[in-house]
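Here is how the chains run, residue by residue.
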Amino acid sequence: MSEAAQRVDIATTHEGCIHDVQVDPNGKLLATGGSDGMISIHEVKGEQSVASIKAHNGGVWQVAWAHHRAVGNVSTLASCGEDGRVCVWRDVGGGKWDAAYTCPHVHEGGAVAIGWAPFEHGCILTSGGADGMVCVIVKPSSGQWDYTSFRAHSGGVTGVSWAPFLSSGTLIQPQVQLQNLTNNKRFVTGGCDGQLRIWTFSNQTMKWDTLAMLSEHSHNGVVAIRDVQWAGNCGLPFDYIASCADDKRVLIWRQEMPDKAWKHHKAYESDITPCRLSWSLAGTILAVSFEDQTIRLLKEDTSGEWKVTSKVSQ
């Protein structure tokens, strides 16, 4: 018999709004970023405060934990903020966290979104800003941090999310094709121009190229994308990307196989604007947060329709 979920209240040290909350991959630490420019780190179970970091001059928009296997088994956290900076913080013990890296590219208007690549690709962090630029930050296993930047959207970048290491179809493709499928570095961005763009790294040109552009949210005029998230994949013959926008719709994009086109399906629409998205680890349940501070959980039924399974309100 499964136990009912219990609510746990954690008192942070923020003076103002909390913009983002993320739990580390081990499920032990919780990080919050606030409008006061601080990052607060707490134990999940004991609810004890672990550290407070003065991270940005202005609000912290997002925080993101790196997988321990990509960063040498040291707790590592990235942040982006209103000051346009993207920073990487490492636990040095004794409740102290040092700035391991600050990206030289300062996003004009603010750094809005960040996301780590799957650890199988190594230590790679991606950021997007209000200037429409994307930065791909890389830390080789033996070397210094470095970055490349390029323009991703005509308006600001509002979301960034990496594809899982295992591409769609790896369970049914011949073994000789698996190497090509799993070496493909891809991520998706959303922008104020109403577009989703999927990017892939070219080993020939050593640059990031546009693999696909998805613009269904703006079929009745340009609306800003609020968030975009690529679902995890355990090797099934399809990939999912979820997006939400100012048109008050949540769309699920599905790709049957790596060489097939992406097709969208309206998962949910309401009178309230959706703000943020989050997939379960297996990529089967989508959590959507709304401006009215409610969260709805969506799940695909046997007919292929996405249904609300539960609603959480504050």
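Everything discussed here concerns the structure shown above.
These figures come from a predicted structure and were not determined experimentally.

Reading the values: rules and limits
Residues numbered from 1 in each chain as written. Predicted model: local features only at pLDDT ≥ 70, side-chain atom pairs only at ≥ 80, totals over all residues. Heavy atoms only, no water. Pairing = 2+ DSSP bridges. Helix = DSSP H or I, 4+ residues; strand = E, 2+ residues; numbered from the N terminus. Axes fitted to C-alpha atoms, helices over the stretch in contact; angles between N-to-C directions. Buried < 20%, exposed > 50% of the residue type's maximum accessible area, 1.4 Å probe, protein only.

Quick notes on the pairing of strand 1 (residues 18-23)
Of the pairings in the sheet, the one linking strand 1 to strand 2 (residues 29-34) comprises 5 bridges and is antiparallel in character. Among the inter-strand pairings, I18 is bridged to a residue of strand 2, identified as G34. Between strand 1 and strand 2, which pair antiparallel and follow one another directly, the connecting turn spans 5 residues, one of which, G27, has a positive phi of 75°.

Considerations on the sheet that holds strand 19 (residues 249-255)
Here we have 4 strands laid out as an open sheet, ordered 17-18-19-20, and antiparallel in their pairing. Two strands close off the open sheet at either side, each with one partner strand: strand 17 (225-230) and strand 20 (262-269). Averaged over all pairs of adjacent strands, the angle between their axes in this sheet comes to 20°, without regard to strand direction. Pairing between strand 19 and strand 20: 7 bridges, direction antiparallel. Bridge pairing links L251 to K266 in strand 20.

A closer look at the sheet that holds strand 10 (residues 123-129)
Ordered by their spatial adjacency, 4 strands build an open sheet running 9-10-11-12, and the pairing between neighbours is antiparallel. Sheet topology places strand 9 (111-116) and strand 12 (146-151) at the edges, where each strand pairs with a single neighbour. Looking at each pair of strands side by side, their axes are set apart by 20° on average, direction ignored. Bridge analysis of strand 9 against strand 10 gives 5 bridges, and the strand direction is antiparallel.

Brief notes about unusual backbone geometry
At M206, a position not held by glycine, the phi torsion is positive, near 60°. Looking at M206, the relative accessible area reads 54%, which means it is exposed.

Purely geometric stuff here, so don't read any function into it on its own.
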